[in-house]
Amino acid sequence: MNITFRAATIRDLKDIQNLGTKLTNEEYRRFDKTILKHTKIRDKKDRKDIRRNIKNGCVVLALAGKLPVAYILGSLEKSSPYRIPLRIANLELMYVSKNYRRFGIGTKLIKKFLIWAKSKKADRIKVVAYASNNEAINLYRKFGFNDYTIRLEKNLTK
Ligand SMILES: CC(C)(COP(=O)(O)OP(=O)(O)OC[C@H]1O[C@@H](n2cnc3c(N)ncnc32)[C@H](O)[C@@H]1OP(=O)(O)O)[C@@H](O)C(=O)NCCC(=O)NCCS
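To start, this report covers the structure provided alongside it. For clarity, every value in this text was computed on a predicted model and none was experimentally measured. (Residues numbered from 1 in each chain as written. Predicted model: local features only at pLDDT ≥ 70, side-chain atom pairs only at ≥ 80, totals over all residues.)

## Brief notes about the overall build of the protein
Part 1: The number of helices and strands found in the protein is four helices and five strands.
Part 2: Shown N-terminal to C-terminal, the secondary structure of the protein runs as helices and strands in the order β-α-α-β-β-β-α-β-α.
Part 3: A compact globule built from 158 residues should have a C-alpha radius of gyration of about 15 Å, and the protein, at 16 Å, falls within 12% of that.
Part 4: With the principal axes as the frame, the protein shows a C-alpha extent of 45 × 40 × 30 Å.
Part 5: Burial analysis of the protein (158 residues in total) assigns 22% to the buried set.
Part 6: Counting only contacts in the protein whose residues sit at least 6 apart along the sequence, the fraction spanning at least 24 positions is 61%. (Helix = DSSP H or I, 4+ residues; strand = E, 2+ residues; numbered from the N terminus. Rg over C-alpha atoms; globule rule 2.2 N^0.38 Å. Buried ≥ 20, exposed ≤ 12 C-beta atoms within 10 Å, placed from the backbone. Contact = placed C-beta atoms within 7 Å.)

## Concerning the site of the ligand
Part 1: Around the ligand lies a shell of 20 residues, among which R101, G106, T107, E135 and L139 are the nearest.
Part 2: Among the residues forming the shell around the ligand, the class breakdown is nine nonpolar, six polar and five charged. (Near = placed C-beta within 6 Å. Nonpolar A, V, L, I, M, F, W, Y, C, P; charged D, E, K, R; others polar.)

## Details of the sheet that holds strand 3 (residues 67–78)
Part 1: Strand order in the open sheet formed by five strands is 1-2-3-4-5, and the pairing between neighbours is mixed. This sheet does not close on itself; its edge strands, each paired only once, are strand 1 (3–7) and strand 5 (124–127). Averaged over all pairs of adjacent strands, the angle between their axes in this sheet comes to 25°, without regard to strand direction.
Part 2: Pairing analysis gives seven bridges linking strand 2 (residues 58–64) to strand 3, with the strands arranged antiparallel. Among the inter-strand pairings, A64 is bridged to a residue of strand 3, identified as L67.
Part 3: Here helix 1 (residues 13–30) sits on the sheet in contact with strand 2, strand 3 and strand 4 (87–96), set at roughly 80° to strand 4. (Pairing = 2+ DSSP bridges. Axes fitted to C-alpha atoms, helices over the stretch in contact; angles between N-to-C directions.)

## Here's the deal with the nonpolar core
Part 1: If you look at the biggest cluster of nonpolar residues, it comprises 28 residues, and the most contacted ones within it are V59, V60, A70, Y71, I72, L109 and F113.
Part 2: At the level of elements, helix 1, strand 2, strand 3, strand 4 and helix 3 (105–119) are the ones that each hand at least two residues to this core.
Part 3: Excluding its chain neighbours within four sequence positions, the residues that come into contact with A70 are A62, Y95, V96, S97, Y100, I105 and L109. (Core = buried A, V, L, I, M, F, W, Y, C linked by C-beta atoms within 7 Å.)

## Some words on the packing of helix 1 against helix 2 (residues 40–56)
Part 1: The contact between helix 1 and helix 2 brings their axes to 10 Å, and the two run at 120°. With respect to helix 2, the element helix 1 is oriented oblique. Crossing geometry of helix 1 relative to helix 2 is assigned as right-handed. On helix 2, the residues touching L13, I16, Q17 and G20 of helix 1 are D46, R47, I50 and R51.
Part 2: Looking at the contact of helix 1 with helix 2 residue by residue, the class counts come to three nonpolar, two polar and three charged. (Parallel < 35°, antiparallel > 145°, perpendicular 65-115°, else oblique. Left-handed = near helix turned anticlockwise from the far one by under 90°.)

## With respect to the pairing of strand 3
Part 1: Hairpin connection of strand 2 to strand 3: two residues between the antiparallel strands, including G65 at a positive phi of 65°.
Part 2: As judged from the nine bridges shared by strand 3 and strand 4, these two strands associate in the antiparallel manner. Opposite E77, over in strand 4, you have I88 as the bridge partner.

## Focus: unusual backbone geometry
Excluding glycine, residues mostly carry a negative phi; peptide bonds, for their part, are mostly trans.
Part 1: One non-glycine residue, R102, adopts positive backbone phi at about 65°.
Part 2: On the basis of neighbour counts, which here come to 8 C-beta atoms within 10 Å, the residue R102 falls in the exposed class.
Part 3: Notably, K121 is not glycine yet its phi reads approximately 60°, a positive angle.
Part 4: Inspection of the secondary structure puts K121 in the loop between helix 3 and strand 5.

Put into structure tokens, the structure is as follows:
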């Protein structure tokens with residue numbers, strides 16, 4: 001499969017937002033019925049976040065010909081005040097369109113994110129995933145990510 005990768009520019013904003021919508025919809029369907037799906041306020045905030053990350057973070061787009069089929073987005077953050085000072089690369093969002101999965105695109109996107117993180121002298125890289133998202137967790141483990149904290153929730157309305 002002939003896939004090209006490139007850093008996103010502001011001209012890609014709409015395509016990235018569309019891929020982000022697919023990610024949200026899939027997460028809602030498979031993992032989390034409490035996710036706020038796309039409202040005007042959410043869409044506006046998403047566009048702001050994408051713009052900020054294109055400017056100051058890392059946003060890489062994967063294309064099949066001219067068709068955007070996957071992306072990764074993240075940024076550099078400081079550690080919280082209760083940890084020693086660390087530069088942490090936060091892998092915030094990643095999505096590969098369904099027909100393009102299991103061809104190594106996710107792997108290539110993470111490699112590119114790691115190169116960016118190292119270029120920014122990050123000490124660590126972090127990602128948060130739904131506990132039952134096995135494909136994503138397997139992928140991260142392959143890259144040497146280890147469990148750090150585990151968040152537990154209980155539904156009190158049932
Ligand atoms: C997770 C995701 C990004 C993987 O992308 P991909 O391009 O299919 O990944 P790759 O082809 O590079 O696969 C790399 C590794 O991921 C893991 N993996 C990918 N798909 C998997 C699946 N269906 N089941 C189990 N492990 C899987 C495997 O460890 C795989 O390595 P292997 O092929 O040697 O077994 C993609 O499935 C996706 O977009 N999922 C929905 C959105 C999502 O979950 N995003 C992450 C949010 S935290």
